[in-house]
Amino acid sequence: MKRTEVEGKEKLSKTIATSDAIRSLKERVLFGARRIARLTRIRKTMLFPTYSSEIVDRIEREPDDFRYATLALAIQRLLADRIEGAFAE
């Protein structure tokens, strides 16, 4: 490989690592802000979700938690009613 190709790949890998670190930091800040809002009752979560607590925790970490909660409710309903067939968002 040429030296410029190696340098280009190194810069790209550093850029990707930085991007991942920023995204990770952004997700942690958003998750922390949601926790604080829930503790101060500014933001209420669903009181009695029909899906598992693991799914609740996973949804809370997503940026669009309302969308994923709606999908989880729909999927849970399909499973509970044993409705067969394809599912599309």
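In the block above lies the structure referred to throughout.
Residues numbered from 1 in each chain as written. Predicted model: local features only at pLDDT ≥ 70, side-chain atom pairs only at ≥ 80, totals over all residues. Heavy atoms only, no water.

**Q** Please explain the overall build of the protein chain as it appears in this structure.
**A** From N to C terminus, the protein chain includes 3 helices and 0 strands. When the helices and strands of the protein chain are listed from N to C terminus, the series reads α-α-α. Across the 89 residues that make up the protein chain, the buried fraction comes to 10%. Long-range contacts, defined as pairs at least 24 residues apart, comprise 35% of the intrachain contacts of the protein chain with a sequence gap of at least 6. Accessible area for the protein chain stands at about 7900 Å²; split by element, carbon and sulfur atoms hold 59% of it. (Helix = DSSP H or I, 4+ residues; strand = E, 2+ residues; numbered from the N terminus. Buried < 20%, exposed > 50% of the residue type's maximum accessible area, 1.4 Å probe, protein only. Contact = heavy atoms within 4.5 Å. Areas by Shrake-Rupley, 256 points an atom, 1.4 Å probe, with all protein chains shown as cover.)

**Q** Would you mind showing me how to read the pattern of salt bridges here?
**A** Once their charged atoms are close, side chains differing in charge can pair, the charge on each being opposite to the other. Per the counting criterion, the structure on display carries 1 salt bridge. Close ionic contact of Asp-81 with Arg-77 constitutes a salt bridge, the shortest N to O distance being 2.7 Å. (Salt bridge = Lys/Arg side-chain N within 4 Å of Asp/Glu carboxyl O.)

**Q** Got a minute to help me understand unusual backbone geometry in this structure?
**A** Glycine aside, residues mostly have negative phi angles, and peptide bonds mostly take the trans form. Positive phi, close to 55°, is recorded for Arg-82, a residue that is not glycine. In this fold, Arg-82 is placed in the segment after helix 3 (65-80). Look at Arg-82 and you get exposed, because its relative accessible area is 74%.

Distances and angles like these do not, on their own, reveal function.
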